[in-house]
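Secondary and tertiary structure notes
Below are the chains, spelled out letter by letter.
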Amino acid sequence: MAYDNILFEVKDGVGLLTFNRPKALNALNPQTLAEVESVVDLVSKDDNIHVLVLTGAGDKAFVAGADISEFPKMNPLQARRFSEKGQEVFFKLEQLPKPVLACVNGFALGGGCEIAMSCDFIYASDKAKFGQPEVNLGVTPGFGGTQRLPRLIGRAKAKELCMTGEMIDAQQAKDLGLVAKVFPADQLMDETMKVAKMLATRGQGVLRSVKQLVDRGMDVDLKTGCALEAEAWGICFASQDMKEGVSAFLEKRKPAFKGGFES
């Protein structure tokens, strides 16, 4: 499928979505959101795609935010709909039953930080910058920033970043728990794809379960979360992947996972 604002390719079980509006620092407009949603829907249905990676074209920006040139055209109702659409797409991305990695190569501000936070984890260039600077435009974050950021870095620091509009560098973001790893800019894509390709060889059923357990467990008490984990643990024993993994371990060989739960 051809897209205007993004690029999408699949190799070795890994889908690579590249935001491709470098002249606009890959800013998000309604068409870009629609194209991202189309890719997420495609990935969710394609059993040959095991992992999704998001990155930005060029060396300046992952996504620099929402496209501010669109703002003067919006009345309050249209602005609310734009916010709701962004949240809907980011929820779809977050709930994709496959690993999603953000490969942040530059500015991840506003909507860019928000879409990165919707991924399972973030790998960043040492030149990357993160922030929620919407306050400088007289608006709040609109794509989930006030909700996901405190869940990742804590309430007080999230308030500080959203109220001041301060940008932080990749190492600061890592220290706060927003970023998983930081790499030199010229190594970022290779290191991200190395992990993505490794995940693509893992049992897809168990990765899906791990993702769901962590996400659902964050919204319930510890005892309920552990009960969900015990249930998932038991279900794993009905899978061919569990049998293959244990056999491979005992036979001292690499496992060849297939991904299903068939007994």
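This text goes with the structure placed above it.
Rules used in this analysis
Residues numbered from 1 in each chain as written. Predicted model: local features only at pLDDT ≥ 70, side-chain atom pairs only at ≥ 80, totals over all residues. Heavy atoms only, no water. Pairing = 2+ DSSP bridges. Helix = DSSP H or I, 4+ residues; strand = E, 2+ residues; numbered from the N terminus. Axes fitted to C-alpha atoms, helices over the stretch in contact; angles between N-to-C directions. Contact = heavy atoms within 4.5 Å. Expected span 1.5 Å × (residues − 1). Buried < 20%, exposed > 50% of the residue type's maximum accessible area, 1.4 Å probe, protein only. Arc of directions from axis to C-beta. Polar contact = N/O pair within 3.5 Å; in protein donor to acceptor, adjacent residues only side chain to side chain.

**Some words on the sheet that holds strand 4 (residues 61–63)**
The mixed open sheet is built from four strands, whose spatial order is 4-6-8-9. The strands lining the two open edges of the sheet, one partner per strand, are strand 4 and strand 9 (167–169). On average, each strand axis in the sheet is tilted by 25° relative to the strand beside it, whichever way the strands run.

**A few points about the sheet that holds strand 3 (residues 51–56)**
With respect to topology, six strands assemble into an open sheet ordered 1-2-3-5-7-10, the strand pairing being mixed. Pairing within the sheet leaves two strands with one partner each, and these edge strands are strand 1 (6–11) and strand 10 (181–183). Sheet twist, expressed as the mean angle between neighbouring strand axes with direction ignored, is 20°. Both strand 3 and strand 5 (residues 100–104) contribute to a ladder of three bridges, which runs parallel. Counterpart to Val-53 in the pairing with strand 5 is Leu-101. Helix 7 (residues 188–200) contacts strand 2 (14–19), strand 3, strand 5, strand 7 (121–125) and strand 10 of the sheet and is inclined by roughly 175° relative to strand 5.

**A closer look at helix 9 (residues 222–236)**
An ideal rise of 1.5 Å per residue puts 21 Å on 15 residues; helix 9 measures up with 21 Å between its terminal C-alpha atoms. Regarding helix 9, the residues found buried are Gly-225, Ala-232 and Cys-236. Buried residues along helix 9 cover an arc of 45° about the axis, so they all sit on one side. Away from the buried face of helix 9 by more than 90 degrees, exposed residues Lys-223 and Glu-231 are located. In this structure, the buried residues of helix 9 make contact with helix 8 (204–217) and helix 10 (240–250). Of the residues that open helix 9, the one with a side-chain oxygen 3.1 Å from the backbone nitrogen of Lys-223 is Asp-221.

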